[in-house]
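Close look at the chain arrangement
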Amino acid sequence: MYEDELREILDLIRKHNTWRRSECINLIASENVTSPLVDAVYLSDAMHRYAEGLPFKRFYQGTRYVDELEVKVSSIFAGLFGAKYSDIRPVSGTIANATAFACLAKYGDEAAVLPLPGGAHVSHSRYGILGRLGIKPIELPIIPEDMMVDVDGAVKIIRERSPRMVVLGASVVIFPHPVKEISEAAHEVGAQMVYDAAHVLGLIAGRAYPNPLDDGADAITTSTHKTFPGPQGGAIITNSGEIYEKVSKIVFPVFVSNHHLHRLAALGVASLEMKAFGKEYASQILRNSRRLAEELHARGFKVLGEKWGFTKTHQVLLDVREDGGGARCAEALEKANIIVNKNMLPWDAPSDIENPSGIRIGVQEATRIGMREDDMAEVADFIYRVVKRKEDPSEVRRRVIEFRRNFTKIHYTFDVNVMRIAEEIGSLILC
Ligand SMILES: *Cc1c(COP(=O)(O)O)cnc(C)c1O
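About the cut-offs
- Residues numbered from 1 in each chain as written.
- Predicted model: local features only at pLDDT ≥ 70, side-chain atom pairs only at ≥ 80, totals over all residues.
- Heavy atoms only, no water.
- Helix = DSSP H or I, 4+ residues; strand = E, 2+ residues; numbered from the N terminus.
- Buried < 20%, exposed > 50% of the residue type's maximum accessible area, 1.4 Å probe, protein only.
- Contact = heavy atoms within 4.5 Å.
- Lys, Arg positive; Asp, Glu negative; His and termini not counted.
- Charge placed at Lys NZ, Arg CZ, Asp CG, Glu CD.
- Near = heavy atom within 4 Å.
- Polar contact = N/O pair within 3.5 Å; in protein donor to acceptor, adjacent residues only side chain to side chain.
- Areas by Shrake-Rupley, 256 points an atom, 1.4 Å probe, with all protein chains shown as cover.
- Nonpolar A, V, L, I, M, F, W, Y, C, P; charged D, E, K, R; others polar.
- Core = buried A, V, L, I, M, F, W, Y, C linked by side-chain atoms within 4.5 Å.
- Pairing = 2+ DSSP bridges.
- Axes fitted to C-alpha atoms, helices over the stretch in contact; angles between N-to-C directions.
- Phe/Tyr/Trp six-rings, centres within 6.5 Å; stacked < 30°, edge-to-face > 60°.
- Salt bridge = Lys/Arg side-chain N within 4 Å of Asp/Glu carboxyl O.

The next subject is the overall build of the protein chain. Scanning the protein chain from terminus to terminus reveals 15 helices and 17 strands. For the protein chain, the C-alpha atoms occupy an extent of roughly 60 × 55 × 45 Å along the three principal directions. Split into buried and exposed, the 431 residues of the protein chain put 56% on the buried side. The long-range share in the protein chain, meaning contacts at least 24 apart out of those at least 6 apart in sequence, stands at 76%. Separation of charge centres in the protein chain, based on 53 positive and 57 negative side chains, amounts to 1 Å.

As a further point, take the site of the ligand. The environment of the ligand is made up of 13 residues, and the closest members are Gly 93, Thr 94, Ser 171, Asp 196 and Lys 226. In the environment of the ligand, an oxygen atom lies 2.8 Å from a nitrogen or oxygen atom belonging to the backbone of Gly 93. Take Ser 171: an N or O atom from its side chain is 2.8 Å from an oxygen atom of the ligand. Considered on its own, the ligand offers 380 Å² of accessible surface; in the complex 87% of this is hidden by protein. A per-element tally of the shell around the ligand places helix H4 (residues 93–104) first, with 3 residues. Taken together, the residues that form the shell around the ligand break down as 2 nonpolar, 9 polar and 2 charged.

Phe 228, Leu 296, Ile 361 and Ile 383 are the most contacted members of the largest nonpolar core, which totals 98 residues. When sequence neighbours within four positions are dropped, the list of residues in contact with Phe 228 reads Asn 32, Phe 77, Leu 80, Phe 81, Leu 201, Gly 202, Ala 205, Leu 267, Ala 270, Ser 271 and Met 274. Core analysis: the next-biggest nonpolar cluster, separate from the first, contains 21 residues, Ile 95, Val 113, Ile 243 and Val 247 among them.

One open sheet holds the 7 strands; their spatial order is E4-E12-E11-E10-E9-E5-E6, and the pairing between them is mixed. Sheet topology places strand E4 (85–87) and strand E6 (136–139) at the edges, where each strand pairs with a single neighbour. Each strand of the sheet is rotated relative to its neighbour by a mean of 25 degrees, with strand direction disregarded. Across 2 bridges, strand E5 (residues 110–113) lies against strand E9 (residues 165–168) in parallel orientation.

This model, assessed by the stated rule, comprises 9 aromatic pairs. Ring geometry for Phe 59 versus Phe 252: centroids 5.5 Å apart, planes at 50 degrees, classification tilted. You can see Phe 59 sitting in the loop between strand E3 (57–58) and helix H3 (64–80) and its partner Phe 252 sitting in helix H9 (residues 241–255), a full 193 residues away along the chain. You can call Phe 59 exposed: its relative accessible area is 60%. Owing to a relative accessible area of 16%, Phe 252 belongs among the buried residues under this scheme. Aromatic pair Tyr 281 and Tyr 412: ring centres 5.3 Å apart, planes at 55 degrees, arrangement tilted. Placement of Tyr 281 in helix H10 (residues 262–298) and of Tyr 412 in the loop between helix H14 (393–404) and helix H15 (418–425) is noted, with a sequence separation of 131 residues between them. Summarising the burial analysis for this pair, Tyr 281 and Tyr 412 share the class buried.

Bringing the pairing of E5 into the picture now. Relative to E6, E5 is paired through 4 bridges, and the arrangement is parallel. Bridging from a neighbouring strand, Val 113 pairs with Glu 139 of E6.

Let us look at unusual backbone geometry. With an omega of 15 degrees, the peptide bond between Phe 252 and Pro 253 qualifies as cis. Counting through the fold element by element, Pro 253 comes out in helix H9. Even without a glycine there, the phi angle at His 260 is positive, about 60 degrees. As for its placement among the helices and strands, His 260 is situated in the loop between H9 and H10. Unlike most non-glycine residues, Lys 390 shows phi in positive territory, near 50 degrees. Relative to the assigned elements, Lys 390 resides in the loop between helix H13 (373–387) and H14.

Right, let's talk about the pattern of salt bridges for a bit. All told, the structure shown has 29 salt bridges when counted by the stated rule. Between Lys 388 and Asp 323 there is a salt bridge, and its shortest N-O distance comes to 3.0 Å. With Lys 388 in the loop between H13 and H14 and Asp 323 in the loop between strand E14 (315–319) and helix H11 (326–335), this residue pair connects regions lying 65 residues apart in the sequence. A relative accessible area of 10% means that Asp 323 is categorised as buried.

What follows deals with the sheet that holds strand E17 (residues 358–362). Ordered in space as E13-E14-E17-E16, the 4 strands form an open sheet in which the pairing is antiparallel. Of all the strands in the sheet, just strand E13 (302–303) and strand E16 (341–343) have a single pairing partner and so form its edges. Along the sheet, H10 contacts E13, E14 and E17; its crossing angle with E14, the most-contacted strand, is approximately 20 degrees. Packed onto the sheet, H11 meets E16 and E17 and runs at close to 45 degrees relative to E17.

See below:
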C-alpha cells in the first residue's frame, strides 16, 4: 500500500538530512548550504509557476511580481561583479556554458580550452556540450605540479590556431588563471574569452579572487551554488551589451523553457548576503584552505601547489597515489563521515578515471558553518587518521559527529527572525 512507500520516502530523506546536515564534515568543493533565510524565500509559490522568455515579455500571464523580481535580482547580482548585465535564467552552470558557447562560436569552429585532467569541466570538452555543439576543442597546456596554465605555451597556441573562442576557469582550481595574458592573446586573433567561474564565484564576489571581467574576459559563466552560497542554478555575467542581447535570445528558447522561478528571490537574498558579508566569508575561506593544506602537508600528505603556498582558492588537492588512490581514500573517508570526491590529476591517464590519483577538498561549506583556522587542524587530523594511519573509520566517525556538534549555525547571513519572516511572506515552509 501507499503508506509503506510514503514511509520509505520520508525515512530516506530524513536519514539523508540528518547525516549530511549535522553528522558529516562536508568537503565537496562544488557544494554549499544556503542560509535559513534563503530557504524561506526559496520555498515559495513561484516554484509552481511558469514564465517563458524575458521579464515583461513573457509567454504566460500571472508573472507581474516575478518579472519585477527577475529584473531586480539580476541587477543586484550583476552589481556584485561590477558588471552591467546578467542573465540569471540558466538553470545550471552547464546550461550557462551551453548558452555562452552557442553565442560565441558555431558548429565547426575551434575553441581553446583547458584539458580535463587540468581541471576543466566536462562541459568544456568533446564529451560535453561544447563537443555536442560541434565546437572543436584545442587543449591549452598546463603545468602539472600546481595546475597552473602555462601562459607562454597557451599564448603560442592561441596565436597559431586563431580559435573562435577561449575558455578558462575550471572545476579543479587552486590558483587564479592568467585571464589578462590569455584574453589579450584571444583578442589579438579576434576570439572572445569566457571565464567559467562556477567554483570561484563566491570568492570573486568577496574580492578574494581576481574578477575576470576586470582582466579582459568578455563574459563569465557560472553556477550559483558552489562558493557562491545561492540556490542551485546558473548565470551569465557580462559588460558587453552585444553579448547580453545575443545570450538573452538563446537561453530561451534554446536551453530553458521555464527557468525555475523560485530561484530568483533566493538568489537575490544570497546576493545581498554576499554584499554584506562576502569579504569576511571569502577571506576566511582562503585562510581555512591554506591552513588545512599546511596541516595536511605537515602530516605527510602530498599537497599540490606547495611552491606557491598550496592554494589561493577554496580548494586543496591531495595526491593520494601512495595511500591507495583517490577512490579508496574517498570511500574510507565517507565511512568516517568526511565527504570528499576522488579526482583526476594532470598525470592521470583516461583509464585511471575509476581510481584517479587525487582527492579534491573544498572548505567553503565548513567555513559557512563557522569553522576557522584551528578547526582545520582538527579536520586535517581526522583525514590523517583515516588515510595515513588507517584507523577504524567508525571510531573516527564517532569523533567527527562529536566535533560537528560545535557547528550548528550558518554564518555570513542576516541576523533576523527567519520564522517570523517566513510567516510574513507566506513561505511554503509553514503551510
Ligand atoms: C560545476 C561546474 C559547472 C557545471 O555547473 P552545474 O551547475 O553543475 O551544471 C560548470 N563549470 C565548472 C567549471 C564547474 O565546476
